[in-house]
Amino acid sequence: AALRSLTSDERQLVSVLFADVSGFTDLSERHDPEEVQALLARLWRRLDRVIQAHRGHIDKHIGDAVMAVWGLTSAGEGDAIDAVRAGLALLAEVESFRRDERVELGMRVGINTRLASISRVESTGESNVIGDTVNVASRLEHAASVGSVLIGTVTAEHVRERFVLETLERIAVKGKRDRVGASLVTRERGG
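Residues numbered from 1 in each chain as written. Predicted model: local features only at pLDDT ≥ 70, side-chain atom pairs only at ≥ 80, totals over all residues. Heavy atoms only, no water.

Of the volumes computed, that of the largest pocket is approximately 220 Å³. In this structure, the largest pocket is lined by 13 residues; those nearest its centre are R114, T153, R170, V180 and G181. Among the secondary structure elements, those contributing two or more residues to the lining of the largest pocket are strand 4 (106–120), helix 4 (132–143) and helix 5 (153–159). Residues of the lining of the largest pocket, tallied by class, amount to three nonpolar, four polar and six charged. (1 Å grid on protein atoms, 1.4 Å probe; cavity = no way out; pocket = protein on both sides within 12 Å on 5 of 7 lines; lining within 4 Å. Points joined across faces, edges and corners; volume = space filled by probe spheres on them. Helix = DSSP H or I, 4+ residues; strand = E, 2+ residues; numbered from the N terminus. Nonpolar A, V, L, I, M, F, W, Y, C, P; charged D, E, K, R; others polar.)

This paragraph deals with the side chain of E141. Following the sequence through the fold, E141 ends up in helix 4. For E141, a relative accessible area of 3% translates into the label buried. Looking at E141, its side chain comes within polar contact range of the side chain of R108, at 3.1 Å. Look past the residues within four positions of E141 in its chain and what remains in contact with it is F18, A19, D20, R108, V109 and G110. (Buried < 20%, exposed > 50% of the residue type's maximum accessible area, 1.4 Å probe, protein only. Polar contact = N/O pair within 3.5 Å; in protein donor to acceptor, adjacent residues only side chain to side chain. Contact = heavy atoms within 4.5 Å.)

All right, on to the nonpolar core then. By size, the foremost hydrophobic cluster in this structure holds 38 residues, and its most contacted members are L43, L90, M107, V109, I111, I151 and V159. A per-element tally of this core places helix 3 (residues 79–101) first, with nine residues. Membership of the second largest hydrophobic core comes to eleven residues, among which are V14, V16, V129 and V134. (Core = buried A, V, L, I, M, F, W, Y, C linked by side-chain atoms within 4.5 Å.)

Another aspect to go through is the confidence of the model for the protein. On average, residues of the protein score 88 in pLDDT, and 93% of them are at 70 or above. Confidence, expressed as mean pLDDT per element, reaches its minimum in the protein at helix 1 (residues 24–30) with 77 and its maximum at strand 6 (residues 148–152) with 98. (pLDDT = per-residue confidence, 0-100.)

What follows covers the packing of helix 2 (residues 33–53) against helix 3. Where helix 2 contacts helix 3, the two axes come as close as 9 Å, and the packing angle between them is 150°. In terms of axis orientation, helix 2 runs roughly antiparallel to helix 3. Like other packed secondary-structure pairs, helix 2 and helix 3 cross with a definite hand, here right-handed. The segment helix 2 lies against helix 3, with L39, R42, L43, R46, L47, V50 and I51 engaging A86, A89, L90, E93, V94, S96, F97, D100 and E101. Its residues placed into classes, the contact of helix 2 with helix 3 shows ten nonpolar, one polar and five charged. (Axes fitted to C-alpha atoms, helices over the stretch in contact; angles between N-to-C directions. Parallel < 35°, antiparallel > 145°, perpendicular 65-115°, else oblique. Left-handed = near helix turned anticlockwise from the far one by under 90°.)

A separate point is helix 2. End to end, helix 2 covers 30 Å across 21 residues, agreeing with the expected 30 Å (1.5 Å per residue, within 8%). Among all positions in helix 2, only V36, L39, L40, L43, W44, R46, L47, D48, V50 and I51 are buried. Following helix 2 by one or two positions, R55 has its phi on the positive side, about 65°. (Expected span 1.5 Å × (residues − 1).)

This is the structure:
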């Protein structure tokens, strides 16, 4: 879907997902750089398709990580659910890729849902999502264990009917004075 026409600075409820591939550094040390680049390109093609299939907007790739956003076209009740489904699907896709390519890779995912400041870059038409929402999503990803999806409190409120969650102790994250509430996504509920 095309992005809505955004004012220069607008606040909107979005779900931000950060996902980071683990094992990349070890892979880089043991393989030829061109081989690693080709492998990573194949992986991102698969992962990007997963995000897009779950209605996510890929904001940027940062080395072996990706930032994706839900709610840019129009904020909806299903955005957080789609983001969490995408997070679980990304883990499954990395596992499938690991088996297919016989490489030791894993992934951590962090998702945060809150109001964020969104502005449009006039020259390119790109949306720029900034603020605490993005920072907390990134910190949740860093705090997650490999093979898990860690979500913030507001995300948990939006998805608890659809997913089995394990509420964790509030976690200390870099750049935040107060500890942040987090839940581990166990699985989607059946039915």
